[in-house]
Amino acid sequence: MSELNDLMKKILIHIYKYGPDNPWYMARRLLGESGWAPKYSEDEIDAACRKLEEMGYLIRFQGALKKSVTSSVKPWLKVKAKELGHKPKGIYFDLSKEGRRIASDLYKEYKKSLESTNNKKNEHKGKK
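Owing to the predicted nature of the structure, the values given are computational and were not obtained by experimental measurement.

Engineer: Can you help me understand the packing of helix α1 (residues 6-18) against helix α3 (residues 42-54) in this one?
Structural biologist: Angle between the axes and distance between the axes: these two values describe a pair of packed helices. At a minimum axis distance of 10 Å, the contact between α1 and α3 shows a crossing angle of 75 degrees. The orientation of α1 with respect to α3, classified from their angle, is roughly perpendicular. Together, Leu7, Met8, Ile11 and Leu12 of α1 and Glu44, Ile45, Ala48, Cys49, Lys51 and Leu52 of α3 make up the contact between the two elements. Within the contact of α1 with α3, the residues separate by chemical class into eight nonpolar, no polar and two charged.

Engineer: Please explain the side chain of Arg28 as it appears in this structure.
Structural biologist: Along the polypeptide, Arg28 turns up in helix α2 (residues 23-29). Buried charged residue Arg28 carries no salt bridge. Nearest counter-charge: Glu42, at 4.0 Å. At 2.9 Å, the side chain of Arg28 and the backbone oxygen of Trp24 are in polar contact. If we skip the residues at most four places from it in the chain, Arg28 touches Glu33, Ser34, Gly35, Trp36, Ala37, Pro38 and Glu42.

Engineer: So what exactly am I meant to see when it comes to the packing of aromatic side chains here?
Structural biologist: Geometrically, a pair of aromatic rings is defined through the distance of the ring centres and the angle of the planes. Tallying each qualifying case throughout the model produces three aromatic pairs. Aromatic side chains Trp24 and Tyr25 sit 5.0 Å apart centroid to centroid with 85 degrees between the ring planes, which places their arrangement in the edge-to-face category. Owing to a relative accessible area of 13%, Tyr25 belongs among the buried residues under this scheme. Every member of this aromatic cluster is reached through a ring pair, and the members are Tyr16, Tyr107 and Tyr110. The ring of Trp24 carries the charged tip of Arg28 above its face, separated from the ring centre by 3.9 Å.

Calculation notes
- Residues numbered from 1 in each chain as written.
- Predicted model: local features only at pLDDT ≥ 70, side-chain atom pairs only at ≥ 80, totals over all residues.
- Heavy atoms only, no water.
- Axes fitted to C-alpha atoms, helices over the stretch in contact; angles between N-to-C directions.
- Helix = DSSP H or I, 4+ residues; strand = E, 2+ residues; numbered from the N terminus.
- Parallel < 35°, antiparallel > 145°, perpendicular 65-115°, else oblique.
- Contact = heavy atoms within 4.5 Å.
- Nonpolar A, V, L, I, M, F, W, Y, C, P; charged D, E, K, R; others polar.
- Buried < 20%, exposed > 50% of the residue type's maximum accessible area, 1.4 Å probe, protein only.
- Lys, Arg positive; Asp, Glu negative; His and termini not counted.
- Salt bridge = Lys/Arg side-chain N within 4 Å of Asp/Glu carboxyl O.
- Polar contact = N/O pair within 3.5 Å; in protein donor to acceptor, adjacent residues only side chain to side chain.
- Phe/Tyr/Trp six-rings, centres within 6.5 Å; stacked < 30°, edge-to-face > 60°.
- Lys NZ or Arg CZ within 6 Å of the ring centre and 35° of its normal.

Below is the structure:
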């Protein structure tokens, strides 16, 4: 797991939390971020996904993708999906069995770090 960089870890956590996704969308909404302008480079995310696929942590998603959106998609993307009238194009990645195991551990660490950050913020507010 030490060979994973921060972006790879975020991708694994994102797919674990939100389900199969593609690099174009992840560049805009990784871990629930929102906005039309990408927060990350789409090419960087695509390269990281392919590397994770080579490592055996991700697989190309096979099967029907629903037109309805995941919880990480903002309302304007829902409208866009309806306007297009078809599922979004592109390669979607999902977790392999090994990827799910690693993503589960990463997600637990991620949640702990969020909770400790929130606790520190709340402690700081209480001291004022």
